[in-house]
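# Analysis of the macromolecular model
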Amino acid sequence: MPDSENAEALNPSWRTEAAYFNGREAKAYRVEVAMAREGLELRGEVSGFHPKESLRLLDRQAGGRFRLALREPEGAVLEFDDAQAWRRLRDLRLLGGGWSGAWSDSSASLGTRRGLFVLVSAMVLFGFWFYGFGLDWSANTVTRMLPRSLDAKIGETAALDSVMNPSKLTEAALAALAHSARVLQGLDDLGPDSIHILVWADTDNINAYAFPGGRIAVTTGMLRHLTDQDMWFALIAHEGGHLKYRHGMRQIVRASLLYACTSLLVGDVSGLGAALAENGGMLVRLHFSRKDEMEADDFALRKMRDSGRGTAGLGRLFKMLLKEEKDFPKWAAFFSTHPATAERLNRLDSKEPAVRMKPFLSAQEWNALKKF
Amino acid sequence: MSESSGFMPTAPDQPPAGYSPAVPGEAPAGEAPGGETPGRGTFRGTGGELLVTFLKNHLLTFLTLGIYFAWARARLYHYFYDNTEFAGHRFRFTGNGKEIFMGMLRALGILLGLGIALSVITVLGSLTHNKVISILTFLPIPVAFFFLVPVSIFGAMRYRFTRARYREISFALDGSVWEFAKEAAPKMLLSMITLGIAGPLFTHWRIGKIYNNLRYGNLRFHWDAPRYDYWLLALKGFFLTVLTLGVYHFFWYPKMFAFVRDHLRLEENRFRGSLLPGEYFRLMATNFLLVLCTLGVGTPWVMVRTVKFFIERLELENPSKLEAAVQNAGQAGSAGGEMLAQAMDLGVGLGF
Ligand SMILES: [Zn+2]
């Protein structure tokens, strides 16, 4: 504050005009208000002194319009329209104790305001907890309660637009996919009755996705970049992990819960049904969480070791992905479904002894797969 | 977060202050009654402030899982009431978040209780495997609806008026909510049966019922618009608007506004003002462009200029007479109806 204004604030002869309402009549009484450190002095149609503890700010607007509530008489209000008066009021700290913000209730005591503050803070904390932790917990619980048979139904609605028509696939390619699916099925109880591996006609993206209910889709771009059968095994075993732990289903439940909560909060429940109905389409845009990916990786590693082929295939898969991620940023789509490849690569034990590769498809089948 | 229905006062749920009959102001001292300049109003708020209020409200409501909704609503009412000025003095909203929150709980309780009761009745009815009984058990649902709607309308109006102060004198809405609902239900039914043809009669009754029970302190409002004139005007407006593909709306709306306004008075002092089709069209066209070009971000500005537009077109003759208003015994009025109306997504306003 410049000195001159400060001096003005202290000038005892300074006065401003205000309208005084007594709360019983609509009549506006004209008063002159003098402000001092101790409070306000009114003169004119109404007079009296109001100590600063008895003043409360009701509201304030641009241009120096503000209103003060007086304690005595009850319901009395002073209405100002003077920017200088506002500055002086502030400089003299006349609202020091009485400042309660423009929005608070005239009868709210400090105690209830503190109570509200605690309540609101608690709700905020709960909101964060729910988003960070409670949501996943609820999604897990709800998913566990849902029958496995629902997975296939949901998975069916998934928009698999660009999946290649089986009629366009060669006999050998179909045999390779069916054979791979059988091998995967034999590894563990993955939940679904039958597993189908489908091919997405998409050479630009290197991606794979496990839909609830047992459908695994792989892009032609991915198939082209596989250099050996161990990589292929690693890939399908990883997707098998997603099926085993019902990650896809959990993501849908999680997204639906989040959607339901926000809809309720924002007050728009109408969109909820529609969103739930089309969650098949939503699926493709969903991605598994970091935790889900690690879980699926661990599943793949276990199965690779169990089948005696070592874990190098998964390492090569990650390295290939890392290289392609770097070279072709347009494959950003992959990051959305499989984040942090480098981190996942680092988790692999590089000291694990190398084991000989173990092809499980015939040469003819493998070549057919690679030809996509 | 989406800018969805419940939250923002959308068109019909406009800022209450704007549509509440603006109240008298003070006259230049010493002028003789009768020869006075009419009292005029304006709106002091800005779109920027409103945008900030919206953002804060949405954020806090989201973070508190909806609990803050009540306080957000209070904040919004503060914004609209406190910025409405008439004849040199501003209105003031005296409600608060806590009471709106209690109203919210009450409304939820009523809806939940009613929902459960009605479902139990229909389920019990279907268990009898008797077609007639099963169908009869559905009957309470529309009946409840026909009562709940007017109860919420009246409750919401009463809440807003009792929390509005001008020159530190409160408004009040007399009459009983049940009586209002009892009279409203058959009229709503009639307008439904006639496929809306009788609808304006219900609106006419509703506006009259509210205004004729409205007080500013001890001063009474009166609304004496002839029923069939109102009905004809409304129907003509509707059909010509449809026939002219909407063009007639811009001629009709100012007429309707003037019709409602010109039949309103506060004690013996009439409301007046002018609203020309051209300026109304300009307002609507620019509002539309503003929302469109800013992809919705301009909505707060649109609301502010719309409120300002209407408030500035409402004048009251002999504003000095209103200095005589004296505070009557306060009216409690809870926010239950307000929140019930909110929950049912009713646009409550004194529109027409
Ligand atoms: Zn994965």
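Residues numbered from 1 in each chain as written. Chains lettered and ligands numbered in written order. Predicted model: local features only at pLDDT ≥ 70, side-chain atom pairs only at ≥ 80, totals over all residues. Heavy atoms only, no water.

### Remarks on the overall build of chain A
- Counting its secondary structure elements, chain A contains 15 helices and 10 strands.
- Summing over all exposed atoms, chain A offers an accessible surface of approximately 18,300 Å²; the carbon and sulfur share of this is 57%. (Helix = DSSP H or I, 4+ residues; strand = E, 2+ residues; numbered from the N terminus. Areas by Shrake-Rupley, 256 points an atom, 1.4 Å probe, with all protein chains shown as cover.)

### Digging into the overall build of chain B
- Along chain B, the regular secondary structure elements total 13 helices and 10 strands.
- Counting across all 352 residues of chain B, residues that qualify as buried make up 53%.
- Sequence separation of 24 or more characterises 77% of the internal contacts of chain B that already satisfy a separation of 6 or more.
- Entry remark: accessible area of chain B is about 15,300 Å², with carbon and sulfur atoms responsible for 70%. (Buried < 20%, exposed > 50% of the residue type's maximum accessible area, 1.4 Å probe, protein only. Contact = heavy atoms within 4.5 Å.)

### A word on the sheet that holds strand E8 (residues 264-266) of chain B
All names here are of chain B.
- One closed barrel accounts for 10 strands, arranged E1-E2-E3-E4-E5-E6-E7-E8-E9-E10; its pairing is antiparallel.
- Bridging between strand E9 (residues 269-272) and strand E10 (residues 315-316) involves two bridges; their strand directions are antiparallel. Paired with Phe271 across the bridge in E10 is Leu316.
- Relative to E9, helix H10 (residues 249-262) is tilted by about 170°, and along the sheet it contacts strand E7 (219-223), E8 and E9.
- Running over the sheet, helix H12 (residues 299-311) touches strand E1 (39-43) and strand E2 (84-86) and is turned about 180° from E1. (Pairing = 2+ DSSP bridges. Axes fitted to C-alpha atoms, helices over the stretch in contact; angles between N-to-C directions.)

### Concerning a nonpolar patch on the surface
Residue and element names in this part refer to chain B.
- A cluster of nonpolar side chains, Leu112, Ile116, Val120, Val123, Leu124 and Leu127, forms an exposed patch at the surface whose accessible area comes to about 590 Å².
- Mapping Leu124 onto the fold places it in helix H4 (residues 97-127).
- A residue is classified by how much of its surface remains accessible, and Leu124, at 51% relative accessible area, is exposed. (Patch = residues over 30% accessible without salt bridge, like charges linked within 9 Å, V, L, I, M, F, W, Y side chains within 5 Å. Salt bridge = Lys/Arg side-chain N within 4 Å of Asp/Glu carboxyl O.)

### Here's the deal with the packing of helix H7 (residues 229-244) of chain A against helix H11 (residues 290-306) of chain A
Residues and elements named next belong to chain A.
- Orientation of H7 relative to H11, taken along the N-to-C sense of each, is 125°, at an axis distance of 7 Å. Our classification of the angle between H7 and H11 gives oblique. When you trace H7 past H11, the crossing you get is right-handed. Taking contact as the criterion, the partners of Asp230, Phe233, Ala234, Ala237, His238, Gly240, Gly241, His242 and Lys244 in H7 are, on H11, Asp292, Glu293, Ala296, Asp297, Phe299, Ala300, Lys303 and Met304.
- Looking at the contact of H7 with H11, its residues break down into seven nonpolar, four polar and six charged. (Parallel < 35°, antiparallel > 145°, perpendicular 65-115°, else oblique. Left-handed = near helix turned anticlockwise from the far one by under 90°. Nonpolar A, V, L, I, M, F, W, Y, C, P; charged D, E, K, R; others polar.)

### Overview of the pairing of strand E3 (residues 39-44) of chain A
All names here are of chain A.
- Bridging between strand E2 (residues 29-36) and E3 involves six bridges; their strand directions are antiparallel. Across the sheet, Val33 pairs through a bridge with Leu42, a residue of E3.
- The turn joining E2 and E3, which pair antiparallel and follow one another in sequence, is formed by two residues.
- Pairing of E3 with strand E4 (residues 48-51), which is carried by four bridges, proceeds in the antiparallel orientation.

### Let's talk about the confidence of the model for chain B
- Looking at chain B, pLDDT values average 78 and 83% of them are 70 or higher.
- Across residues 1-33 of chain B, confidence stays below pLDDT 50; counting only partners more than four residues off in sequence or on other chains, it has 109 contacts. (pLDDT = per-residue confidence, 0-100.)

### Things to note about the packing of aromatic side chains
- Counting across every chain of the model gives 37 aromatic pairs over all chains.
- Ring centres of Tyr79 of chain B and Phe80 of chain B lie 5.0 Å apart, and the angle between their planes is 85°; on these two criteria the pair is classed as edge-to-face.
- Accessibility expressed as a relative area gives 2% for Tyr79 of chain B, which makes it buried.
- In this structure Phe80 of chain B comes out as buried when scored by relative accessible area, which is 1%.
- Each ring, one from Phe202 of chain B and one from Trp205 of chain B, has its centre 6.1 Å from the other, and the planes form 20°; the classification is stacked. Taken as a pair, Phe202 of chain B and Trp205 of chain B lie in helix H8 (residues 199-211) at a separation of three residues, close to a single helical turn.
- A relative accessible area of 13% places Phe202 of chain B in the buried class.
- Looking at Trp205 of chain B, the relative accessible area reads 12%, which means it is buried.
- Among the aromatic residues, ring-to-ring pairing joins Phe250, Trp252, Tyr253, Phe257, Tyr280, Phe281, Phe309 and Phe310 of chain B into one connected group.
- One residue, Arg309 of chain A, lies across the ring of Phe233 of chain A, its end atom 3.8 Å from the ring centre.
- Over the face of the ring belonging to Phe309 of chain B we find Arg313 of chain B, whose NZ or CZ atom lies 3.8 Å from the ring centre. (Phe/Tyr/Trp six-rings, centres within 6.5 Å; stacked < 30°, edge-to-face > 60°. Lys NZ or Arg CZ within 6 Å of the ring centre and 35° of its normal.)

### Some points on the pattern of salt bridges
Residue and element names in this part refer to chain B.
- This structure, assessed with the given rule, holds 32 salt bridges over all chains.
- Here Glu168 ties to Arg165 by a salt bridge, and the two come within 3.3 Å at their closest N and O atoms.
- Accessibility expressed as a relative area gives 3% for Glu168, which makes it buried.

### A word on the environment of Glu32 of chain A
Residues and elements named next belong to chain A.
- Note on placement: Glu32 falls in strand E2.
- Taking the C-alpha atoms as reference points, Glu32 and Val46, 14 residues apart in sequence, are found 8.9 Å from one another.
- Apart from residues lying up to four places away in sequence, Glu32 is in contact with Arg15, Thr16, Glu41, Leu42 and Arg43.

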